[in-house]
Amino acid sequence: DVVKPHALPELKFEKTAASGDRHGHPVRLVVVHRWGVRYVDYEHEAKSYQGVINFFKNPDNDASAHVVYPGSSVPGEATQMVPWHKKAWAEAYYNPDSVEVESADAIWLGDDPQGFHQLARIVGWMLHHWNLPPIALTPETVALGKGFCRHADLGALGGGHESCPTTNMHLWHAFSWLVSFEYHRGGYRTRWGRY
């Protein structure tokens with residue numbers, strides 16, 4: 001079930017004003033987030049998905065993400081909120097260098113293996129698109145490295161979200177392996193989302 005080939009979900013677009021200019025900074029980081037709403041079941045997770053989108057649409061909240069991904073609670077769908085060429089408001093100091101995906105809680109609680117695997121496919125596309133290596137960065141390597149990381153790996157400069165998306169390093173290592181697998185599996189579409 002978990003190892004069947006995954007495709008990118010359909011990417012809807014919901015514009016937010018909570019974004020800005022990269023001022024020439026190249027993308028060098030793909031950052032994985034978790035939205036942090038208490039998970040009950042897929043029905044509640046689908047409502048949380050819309051709630052996260054609505055929260056990011058309000059620039060007064062000083063928060064946004066390039067992609068919001070609901071996992072299996074809304075199968076085959078994700079929402080882009082910031083065009084790739086702009087920065088989202090997600091990683092504080094690292095905003096100009098990053099793209100990110102805000103993902104559902106069930107994925108990081110072990111309740112959505114399909115979503116877990118498709119999220120790895122999404123991260124693999126982002127790495128492939130920006131010609132970044134499928135390397136999981138650590139708090140020690142993230143300042144100058146290229147690759148992907150947990151929001152937590154950015155430390156205080158990234159907003160100090162110490163448990164995002166997970167503190168379970170066995171789970172993170174399994175995810176990192178899947179990202180590498182999907183990256184090397186290839187077959188990605190050339191364009192996905194708004195530029």
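As a reminder, the structure under discussion sits directly above these lines.
Residues numbered from 1 in each chain as written. Predicted model: local features only at pLDDT ≥ 70, side-chain atom pairs only at ≥ 80, totals over all residues. Heavy atoms only, no water.

Trainee: Just to check I follow, could you spell out the side chain of Asp 153 for this structure?
Mentor: Note that Asp 153 resides in the loop between β8 (147-150) and α4 (169-185). Asp 153 gets classed as buried once you look at its relative accessible area, which sits at 4%. There is a polar contact of 2.7 Å between the side chain of Asp 153 and the side chain of Arg 150. Apart from residues no more than four positions distant in its own chain, Asp 153 is found in contact with Leu 137, Thr 138, Pro 139 and Val 142. (Helix = DSSP H or I, 4+ residues; strand = E, 2+ residues; numbered from the N terminus. Buried < 20%, exposed > 50% of the residue type's maximum accessible area, 1.4 Å probe, protein only. Polar contact = N/O pair within 3.5 Å; in protein donor to acceptor, adjacent residues only side chain to side chain. Contact = heavy atoms within 4.5 Å.)

Trainee: So what exactly am I meant to see when it comes to the packing of aromatic side chains here?
Mentor: Enumeration over the complete set of coordinates arrives at 16 aromatic pairs. An angle of 80 degrees between the planes, with centres 5.4 Å apart, marks the rings of Trp 84 and Trp 130 as edge-to-face. Of this pair, Trp 84 sits in the loop between β5 (77-80) and β6 (86-88) while Trp 130 sits in the loop between α3 (113-129) and β8, placing them 46 residues apart in sequence. On the basis of relative accessible area, Trp 84 is assigned to the buried category, the value being 3%. With centroids separated by 5.4 Å and ring planes inclined at 65 degrees, the aromatic side chains of Phe 116 and Phe 175 adopt a geometry described as edge-to-face. Of this pair, Phe 116 sits in helix α3 while Phe 175 sits in helix α4, and the two are 59 residues apart along the sequence. (Phe/Tyr/Trp six-rings, centres within 6.5 Å; stacked < 30°, edge-to-face > 60°.)

Trainee: I tried to follow the sheet that holds β5 on my own but got confused; where do I start?
Mentor: Sheets are built from strands that pair by backbone hydrogen bonding, the pairs being arranged parallel or antiparallel. Taken in spatial order, the six strands line up as β1-β5-β4-β7-β3-β8 in an open sheet, and their pairing is mixed. A strand with exactly one partner marks an edge of an open sheet, and here the two such strands are β1 (10-13) and β8. Between one strand axis and the next, the sheet turns by 25 degrees as a mean value, whatever way the strands run. Here α3 sits on the sheet and contacts β3 (29-34), β4 (67-69), β7 (98-103) and β8; the angle it forms with β7, its principal contact strand, is near 170 degrees. (Pairing = 2+ DSSP bridges. Axes fitted to C-alpha atoms, helices over the stretch in contact; angles between N-to-C directions.)

Trainee: Would you mind showing me how to read the nonpolar core here?
Mentor: Generally speaking, a soluble globular protein has its nonpolar side chains buried in company with each other. The biggest cluster of nonpolar side chains holds 43 residues, and the ones touching the most others in it are Trp 84, Trp 108, Val 123, Met 126 and Phe 175. Secondary-structure elements contributing two or more residues to this core are β3, α1 (42-57), β4, β7, α2 (105-108), α3 and α4. Aside from chain neighbours lying at most four places away, what touches Phe 175 is Val 32, Trp 108, Phe 116, Leu 119, Ala 120 and Val 123. Core analysis: the second largest hydrophobic core is formed by seven residues, Val 31, Tyr 94, Cys 149 and Leu 154 among them. (Core = buried A, V, L, I, M, F, W, Y, C linked by side-chain atoms within 4.5 Å.)

Trainee: Would you mind going over the side chain of His 33 with me for this structure?
Mentor: Looking at the secondary structure, you find His 33 in strand β3. By relative accessible area, which is 3% here, His 33 ends up buried. At 2.6 Å, the side chain of His 33 and the side chain of Glu 91 are in polar contact. Beyond its immediate chain neighbours, meaning those up to four positions away, His 33 contacts Ala 90, Glu 91, Glu 100, Val 101, Glu 102, Ser 103, Trp 108, His 151, Cys 164 and Pro 165.

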